[in-house]
Amino acid sequence: MYTAKGRIQHSDMVNQHMPLVRRQALALQVRLPASIELDDLIQAGMVGLLEALGRFDAAQGASFATFASQRIRGAMVDELRTRDWLPRSVRRSARAMDESVRRLEQSLGRAPEESEIARDLDIPLDEYQQLLADTNSGHLLPFEELLEEGSEPLQESLNAPFEELLDGQQRDTLIAAIEALPEREKLLMALYYQEELNLKEVGAVLGVTESRVSQLHSQAISRLRARLHEPD
């Protein structure tokens, strides 16, 4: 039976861990597009905290803070995954970009330059770079979730949801695809996913603007998808 004392303890636990929800939201927000509101992340995180309170079992050995952190972050990610960030027109253009990258890699035997991709798509270079910027907001979260909480470039648990990029491919295939990236894009991925720098910090290391980092990130993801979706 849920007693008054139980309700008070429950409320105390919520109040005690609300700062944890905010910290998790802030940590995630800096790695997401500016359109994502902090309050939305906090609201989703509170749902995760309440879920953690209902499911925590001290006999399992983990501390409540550790257990709650996972539930809070998971709830925020679930909320973000429900959003359709990219318009259909941008998604169509992104698919055309992936096809172009795959086609050019096969014909050139190397990673194509931006100008070569733009020419293959029959669009000006600045329009291609704008497409990269437009599609990037749809890439940041899924790839982050693939690599989160691992000290190695790619952790073993690649059975996590990541349909947009992995599409059933194996770990070694993804590692090989990352290794084949141009050096600057490979460094960007390491700084963003392994070192956990945000886009602005990555830009400072690479000596480019934050918007340019966004473009390069999107281009790297397009290259990875092109390689991972190659027919056998």
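This is a predicted model, so every value here is computed, not measured.

Novice: Requested: an account of the side chain of Gln24, with residues and values cited.
Specialist: Structurally, Gln24 can be placed in helix 1 (residues 4-29). The exposure class assigned to Gln24 is buried, which follows from its relative accessible area of 15%. Of note is the side chain of Gln24, whose polar atom sits 3.3 Å from the backbone oxygen of Ser69. Ignoring sequence-local partners within four residues, the contact set of Gln24 consists of Ser69, Ile72, Arg73 and Met76.

Novice: Please give an account of the side chain of Ser218 that cites residues and values.
Specialist: Take Ser218: it is sitting in helix 11 (residues 210-228). Using a relative accessible area of 0% as the deciding quantity, one classes Ser218 as buried. At 3.1 Å, the side chain of Ser218 and the backbone oxygen of Leu132 are in polar contact.

Novice: Which residues make up the packing of helix 9 (residues 183-194) against helix 11, and what values go with them?
Specialist: In contact at an axis separation of 10 Å, helix 9 and helix 11 are set at 105° when each is read in the N-to-C sense. Taken together, the axes of helix 9 and helix 11 are roughly perpendicular relative to one another. Contacts between helix 9 and helix 11 involve Arg184, Glu185, Leu188, Met189 and Tyr193 from the former and Arg212, Val213, Leu216, His217, Gln219, Ala220, Ile221, Arg223 and Leu224 from the latter. Within the contact of helix 9 with helix 11, the residues separate by chemical class into 8 nonpolar, 2 polar and 4 charged.

Novice: Describe helix 4 (residues 88-108), naming the residues involved and giving the relevant values.
Specialist: With 21 residues, helix 4 ought to run about 30 Å at 1.5 Å a step, and its terminal C-alpha atoms sit 30 Å apart, in line with that. Among the residues of helix 4, those classed as buried are Val90, Ala94, Met97, Asp98, Ser100, Val101, Arg102, Leu104 and Glu105. Residues of helix 4 that are buried make contact with helix 5 (114-121), helix 6 (125-136) and helix 11. Positive phi shows up at Gly109, right after helix 4, with a value of about 75°.

Novice: Can you explain unusual backbone geometry? Please cite residues and give values.
Specialist: Positive phi values are uncommon outside glycine, yet Asp122 reaches one of about 60°. Along the chain, Asp122 turns up in the loop between helix 5 and helix 6. A relative accessible area of 69% means that Asp122 is categorised as exposed.

Novice: So what's going on with helix 10 (residues 199-206)? Which residues, and what values?
Specialist: Within helix 10, burial applies to Leu199, Val202, Gly203 and Leu206. Down the axis of helix 10, the sector holding all buried residues measures 105°, keeping them to one side. For helix 10, exposure combined with an orientation more than 90 degrees from the buried face picks out Lys200, Ala204 and Val205. The N-cap of helix 10, judged by a side-chain oxygen 3.1 Å from the amide nitrogen of Lys200 a few residues on, is Asn198. Where helix 10 terminates, the next one or two residues include Gly207, which has phi positive at roughly 75°.

Novice: Please give an account of the environment of Leu26 that cites residues and values.
Specialist: Structurally, the position occupied by Leu26 is in helix 1. On a C-alpha basis, the gap between Leu26 and Leu41 in space is 8.5 Å, while along the polypeptide they are 15 residues apart.

Novice: Go over the confidence of the model for the protein chain with me, naming the residues and quoting the values.
Specialist: Mean pLDDT over the protein chain works out to 76, with 74% of the residues at or above the 70 mark. Here residues 1-8 is modelled with pLDDT under 50, and outside its nearest four sequence neighbours on either side it reaches 2 contacts, counting other chains as well.

Novice: Before we move on, could you go through the pattern of salt bridges and cite the residues and values that matter?
Specialist: Using the criterion set out here, one finds 9 salt bridges in the structure. Taking the shortest distance from any N to any O, the salt bridge between Glu99 and Arg102 comes out at 2.4 Å. Remark: Arg102 and Glu99 occur in helix 4; sequence separation between them is 3 residues, near one turn of the helix. What makes Glu99 partly exposed here is its relative accessible area of 39%. Here Arg223 and Glu185 are joined by a salt bridge, their closest N and O atoms 2.9 Å apart. Here Arg223 is found in helix 11, whereas its partner Glu185 is found in helix 9, with 38 residues between them in sequence. In this structure Glu185 comes out as buried when scored by relative accessible area, which is 4%.

Criteria and cut-off values
Residues numbered from 1 in each chain as written. Predicted model: local features only at pLDDT ≥ 70, side-chain atom pairs only at ≥ 80, totals over all residues. Heavy atoms only, no water. Helix = DSSP H or I, 4+ residues; strand = E, 2+ residues; numbered from the N terminus. Buried < 20%, exposed > 50% of the residue type's maximum accessible area, 1.4 Å probe, protein only. Polar contact = N/O pair within 3.5 Å; in protein donor to acceptor, adjacent residues only side chain to side chain. Contact = heavy atoms within 4.5 Å. Axes fitted to C-alpha atoms, helices over the stretch in contact; angles between N-to-C directions. Parallel < 35°, antiparallel > 145°, perpendicular 65-115°, else oblique. Nonpolar A, V, L, I, M, F, W, Y, C, P; charged D, E, K, R; others polar. Expected span 1.5 Å × (residues − 1). Arc of directions from axis to C-beta. pLDDT = per-residue confidence, 0-100. Salt bridge = Lys/Arg side-chain N within 4 Å of Asp/Glu carboxyl O.

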